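# Observations on the model geometry
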Amino acid sequence: MSLSVSGLLKPVNVRNDVSHNWQIMQIVYKFYNEQKFTDILFEFPYTKYKFTAHRLILAAASPYFLELFDNADDDCNSLTVTKMESDTFEQLVIYCYNGQTNITTGNAERMAKGAMLLRLYDVVDICVNYMMDHINDFIVRKLITLATEMEYKKFETRLLAYIVKNFEQLNQNGEIFDLNVAQWKFIIKELDVNVGAQADIFRAIKGWYEYKATERQQYLPDLIGSLALNEFDSDFLRQQIKPLPGCEALATEALTKRGELPSWVAVQTRGEDRFGYKDILLYNQAKEEWVKVISLEIEKFYFSTAFMENSLFFIGGIKTNGASATVLRYNLLTNKFSEIPSLKTDRFSSSVAVVNNSIYVIGGTNDSMDPLLSMECYSTSTGRWEYTSHLFMYRTLAGVAILNDDIYLIGGKDFHVVNSVERYNIVTKRWYYCEGMAEARENPGVVAHKGYIYAIGGCPKDLKTVERYDPKQDKWTKIASLNVARRHICAAAIGDQLWAFGGVIGPAQRDDTVEVYNVTSDKWLVKKKLPVTGEFDCVTLPTSLADNLK
């Protein structure tokens, strides 16, 4: 009778003991140290140093060694190492045996490069973590070169994130001159979020280009084209960008597109010179600040400002002889003043709105210092002012906003400061009551922004508080307060941001504070101050016309 092998051998369950594997590897590592049973010799040029190791261990730990031994001749029992110094190579071989290595400031860069060559990615990560955790002990320029040479994405991503976070300091120290084009593009994209000044980024790129102009000139247009060129001032485009090699077409295209984009202009309705020159400010999108561009001789104050058909209109106001009905027109194509027909009523501190190519002048104060009930409308098609629907109540020093072609008149005062709100519908030509604000406000900053209307500050006492109106719910809600309480605030919706600037504090102190509302954090952030103090009206006009103010 015969027995099968399966009948003789019965399976036995053996416990998987991690310590068994560890003990075996300790013995193998001991053999390595004693140079026993080794089968491959490593030699190094220009030195007598050599050592041996076990092919099996190295091939199991490193894909590089596996390929190397697979492709080597059967009788090959020695290799000359030329791409790595002996100390680094031996440390990495030891890691293959015991999974341990000692990284220091002195060897981290060499170990990272060597581990990358041997495809020991765990060691690469250890080196990268060490260098990033101790980055002040390294030269960032050298790390940029190392990351580029290694082509290890995890290292490059962490290093570039550090550069973005510390861009200004590293740029000043000349640490970013060795970035490549792809790295620059990543940084430009991220800095658009973290650094507001596009001009600063441009200057950094220009410095990078000039460091090695001959070899980098071919990449310059690609990098400059990655910037938000439409946000640059027209003079900057002409004087700084257009002369750069290969960038003339970029500047020309940006100038064309920029001319079609909106610009924000703030007209000083009262400053130090009440009956003379008024300062005109222009918002610089690249620097995120207001700059003075020109002063215009407007011999009145507390007038109202409107923009329509290539022109700024300065409406009503107070002249040397009292309240005025005159309307000055400043043509931005010719840079010349002219007068159009006067208002039917002398008035100052009126609210003004431009809808469907018509200017509406609402309420205000007459020469007897009484608030007004009337509204006048002017269109270039008729060339004259006509009375239209009266307000529900006498009102002066009110805020005004336009939303969905409706005109909202907010706060102000009749003979007392009020919290009431009226809405004028262009189609029905009628006024309607809206829900009143939580607080009465005279001289508030008012603007429509992303489907809401904001009422900012005001008086009778200088207010910090801000309210937001939802027209769908006909409801006001309080949001974060300003940092500086004031009245006569000028409000503007610029892109995705809500701005509040200028105004008056106390008896007669004109203020230059600029604040921007952060919707996400519900906070007002203080920005760079205005170049001049005063009370302002803000209007939006095409950039091509705004550039004519310079």
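A brief look at the structure comes next.

Here is what the cut-offs are and how they apply
- Residues numbered from 1 in each chain as written.
- Predicted model: local features only at pLDDT ≥ 70, side-chain atom pairs only at ≥ 80, totals over all residues.
- Heavy atoms only, no water.
- Axes fitted to C-alpha atoms, helices over the stretch in contact; angles between N-to-C directions.
- Helix = DSSP H or I, 4+ residues; strand = E, 2+ residues; numbered from the N terminus.
- Parallel < 35°, antiparallel > 145°, perpendicular 65-115°, else oblique.
- Contact = heavy atoms within 4.5 Å.
- Nonpolar A, V, L, I, M, F, W, Y, C, P; charged D, E, K, R; others polar.
- Pairing = 2+ DSSP bridges.
- Core = buried A, V, L, I, M, F, W, Y, C linked by side-chain atoms within 4.5 Å.
- Buried < 20%, exposed > 50% of the residue type's maximum accessible area, 1.4 Å probe, protein only.

## Regarding the packing of helix 7 (residues 121-133) against helix 9 (residues 153-165)
- Packing of helix 7 against helix 9 leaves a shortest axis separation of 10 Å and a crossing angle of 10°. Our classification of the angle between helix 7 and helix 9 gives roughly parallel. Two secondary-structure elements touch here, helix 7 through Asp125, Val128, Asn129, Met131, Met132 and Asp133 and helix 9 through Lys154, Phe155, Arg158, Leu159 and Tyr162.
- Grouping the amino acids of the contact of helix 7 with helix 9 by side-chain chemistry returns six nonpolar, one polar and four charged.

## Side note on the sheet that holds strand 14 (residues 358-362)
- With antiparallel pairing, four strands are arranged side by side in an open sheet as 13-14-15-16. The open sheet is flanked by strand 13 (351-355) and strand 16 (384-388), the only strands paired with a single partner. When the angles between neighbouring strand axes are averaged without regard to direction, this sheet yields 25°.
- Here strand 15 (residues 375-379) pairs with strand 16 via five bridges, running antiparallel. Paired with serine 379 across the bridge in strand 16 is arginine 384.

## Topic: the nonpolar core
- By size, the foremost hydrophobic cluster in this structure holds 83 residues, and its most contacted members are Phe42 and Trp184.
- Ignoring any residue separated from it by four or fewer positions in sequence, one finds phenylalanine 42 in contact with Tyr49, Lys50, Phe51, Ala53, Leu58, Phe65, Phe69, Leu79, Val81 and Phe89.
- Ranked by size, the runner-up nonpolar core spans 19 residues in total, among them Val267, Leu312, Phe314 and Leu332.

## Considerations on the environment of threonine 145
- Within the fold, threonine 145 resides in helix 8 (residues 140-150).
- Sequence separation of threonine 145 and aspartate 178 is 33 residues, and the distance between their C-alpha atoms is 6.7 Å.

## Examining helix 6 (residues 108-118)
- With eight of its eleven residues buried, helix 6 lies for the most part within the structure.
- Considered for burial, the residues of helix 6 that qualify are Ala108, Glu109, Met111, Ala112, Gly114, Ala115, Met116 and Leu118.
- At its buried positions, helix 6 is contacted by helix 4 (63-71), helix 5 (86-98), helix 7 and helix 8.
- Residue arginine 119 follows helix 6 closely and has a positive phi angle near 60°.

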